[in-house]
Amino acid sequence: MVTLVISLCLVILLLALLALHYRKLFLRTVVPAHLFSPEQQKNLTPDQAIDALKKGNQHFLDGDFRSFDYLHIKEYILEHGQSPIAVIVGCMDSRSVPEILMDKGIGNLFAIRIAGNVVDKDALASIEYGVKSIGVKVVVIMGHTGCGAVTAAYQGKHYGNLEQLLNKITPAVLTAKAQNPELEESELITQVAIENINNQIIYIKQHSDIVKNAIEKQEIKLIGALHDVKTGKIDFFT
Ligand SMILES: [Zn+2]
C-alpha cells in the first residue's frame, strides 16, 4: 500500500514537472498577444508604427484597455530578445506614461522620461541604441499640457541642478512669447511645450548622424506629439 502511494506521488510530481516544462516551452515559443515580435517589428513601416501608437491612445481614450499576459511576454522576450517599435521621449510627469497612454504594456516601447522631455547626450545615446541596435521604427518627442518643467522655465525659476535643465527649455519660451503675444498665460505655456518639442527634434537631427541617416533612408520617422493631460488625447504631429 505504502509503495503504491509513493509511486502515485512520483507520477503526479513527474506530470507536474512535465506540465511546467511544456508551459515554459509554450510561453517561449508562441508570440504573446499584443506584443510585436522581432519579425513583426522588422516588417513594420514607420507609418504603421505611428498608427499602432495612435490606435493604442484611442484604446486609452475609450477605456478599452487590452489584456497583457506579462508572464508570457517576459518568457518570450527572454527567448527571442526585445523588439520595441518606438522610442518615446516623454516627461517624468506621473500622468504622462507612454505605455499606458498608448496601451502598449511591456516590451513594445522604449520610454525615456525626464522633466520637460529634454534631450541631452545620454538621452541621445539611448535613442541611437533604439534606432541602430534594436531597429525601432519611430522616435517620438512627447510633451504635455500643464507641464511643471515648462511652466518653471516660463516663470524663470532656477534652482539647483534644475537650472541647466530649464535652460534647455528657455529658447522655446522666448520663441513662443515673441510669436504669440496675444495668448493668455496657460495657452502660451502650451505653446512653449510645443516649441520645446520642436527644439528637441532639431537638437536630435543636429547631433545624431545615426538618427539623421535612418530618417533619410526612410527607416524611421522622428515626430513630435503633445499629450493633453485633461483629455488623455495625444496629438501626433504627422
Ligand atoms: Zn512635464
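If you're wondering where the values come from, they're calculated on a predicted model, not measured in any experiment.

**Student:** Give a detailed account of unusual backbone geometry, specifying residues and quantitative values.
**Tutor:** One can expect most non-glycine residues to show negative phi and most peptide bonds to be in trans. A positive phi angle, near 70°, is found at H34, a position not held by glycine. Relative to the elements of secondary structure, H34 occurs in the loop between α1 (2–29) and α2 (38–43). Despite not being glycine, D103 shows a phi value in the positive range, around 50°. If you trace the backbone, D103 turns up in the loop between α5 (98–101) and β2 (109–113). Residue class for D103 comes out buried when judged on the 22 C-beta atoms lying within 10 Å of it.

**Student:** Lay out the packing of helix α6 (residues 121–134) against helix α11 (residues 209–216) with the relevant residues and their values.
**Tutor:** Two elements in contact, α6 and α11, have axes whose closest approach is 9 Å; the angle formed by their N-to-C orientations is 40°. Taken together, the axes of α6 and α11 are oblique relative to one another. Judged by the sense of rotation from one axis to the other, the crossing of α6 with α11 is left-handed. Along its contact with α6, which presents I127, E128, V131 and K132, the element α11 presents I210, V211 and A214. In terms of residue class, the contact of α6 with α11 is made up of five nonpolar, no polar and two charged.

**Student:** Tell me about the pairing of strand β3 (residues 138–144), and name the residues and values.
**Tutor:** The buried count for β3 comes to seven of seven residues, which makes it a mostly enclosed element. Side chains V138, V140, M142 and H144 project from β3 onto one buried face, and the interleaved V139, I141 and G143 project onto a second face that is buried too. In terms of strand pairing, strand β1 (residues 86–90) meets β3 through five bridges, oriented parallel. Bridge assignment links V89 to a residue of β3, and that residue is I141. By the bridge criterion, seven bridges tie β3 to strand β4 (residues 221–227) in an arrangement that is parallel. Directly across from V138, in β4, lies its bridge partner K221.

**Student:** Could you give an account of the nonpolar core, with specific residues and numbers?
**Tutor:** Core analysis: the biggest nonpolar cluster contains 51 residues, and A86, V136, V139, V140 and V150 have the highest contact counts within it. Take this core: its biggest share by element is six residues, from helix α10 (residues 185–207). Once you skip the residues sitting within four places of it in the chain, V140 turns out to touch A86, I88, V89, I223 and A225.

**Student:** I'd like to hear about the sheet that holds strand β5 (residues 234–236), residue by residue, with values.
**Tutor:** Where strands meet in a sheet, backbone hydrogen bonds hold them as pairs that are either parallel or antiparallel. Sheet architecture is open: five strands sit in the order β2-β1-β3-β4-β5, paired in mixed fashion. Strand pairing shows two members of the sheet lacking a second neighbour, β2 and β5, which therefore form its edges. If you compare each strand with its neighbour and ignore which way they point, the axes differ by 25° on average.

**Student:** Can you lay out the environment of A153 for me, pointing to particular residues and giving the numbers?
**Tutor:** For A153, the location among the structural elements is in helix α7 (residues 148–154). As a C-alpha pair, A153 and T170 span 17 residues in sequence and 6.0 Å in three-dimensional space. The contact partners of A153, leaving out residues within four places of it in the chain, are L166, I169, T170 and V173.

**Student:** Go over the environment of V139 with me, naming the residues and quoting the values.
**Tutor:** Tracing the backbone shows V139 in strand β3. In this structure, the C-alpha to C-alpha distance between V139 and Q191, residues 52 residues apart in sequence, is 21 Å. If sequence neighbours within four positions are ignored, V139 has contacts with V87, I127, V131, V211, I220 and L222.

**Student:** Now, about the packing of α1 against helix α4 (residues 70–80): what can you tell me, with residues and values included?
**Tutor:** Two numbers describe how α1 lies on α4: the axes approach to 7 Å, and their chain directions differ by 75°. Between α1 and α4, the crossing angle belongs to the class labelled roughly perpendicular. The segment α1 lies against α4, with K24, L27 and R28 engaging L71, H72, E75, Y76, L78 and E79. In terms of residue class, the contact of α1 with α4 is built from four nonpolar, one polar and four charged.

Basis of the calculations
- Residues numbered from 1 in each chain as written.
- Predicted model: local features only at pLDDT ≥ 70, side-chain atom pairs only at ≥ 80, totals over all residues.
- Helix = DSSP H or I, 4+ residues; strand = E, 2+ residues; numbered from the N terminus.
- Buried ≥ 20, exposed ≤ 12 C-beta atoms within 10 Å, placed from the backbone.
- Axes fitted to C-alpha atoms, helices over the stretch in contact; angles between N-to-C directions.
- Parallel < 35°, antiparallel > 145°, perpendicular 65-115°, else oblique.
- Left-handed = near helix turned anticlockwise from the far one by under 90°.
- Contact = placed C-beta atoms within 7 Å.
- Nonpolar A, V, L, I, M, F, W, Y, C, P; charged D, E, K, R; others polar.
- Pairing = 2+ DSSP bridges.
- Core = buried A, V, L, I, M, F, W, Y, C linked by C-beta atoms within 7 Å.

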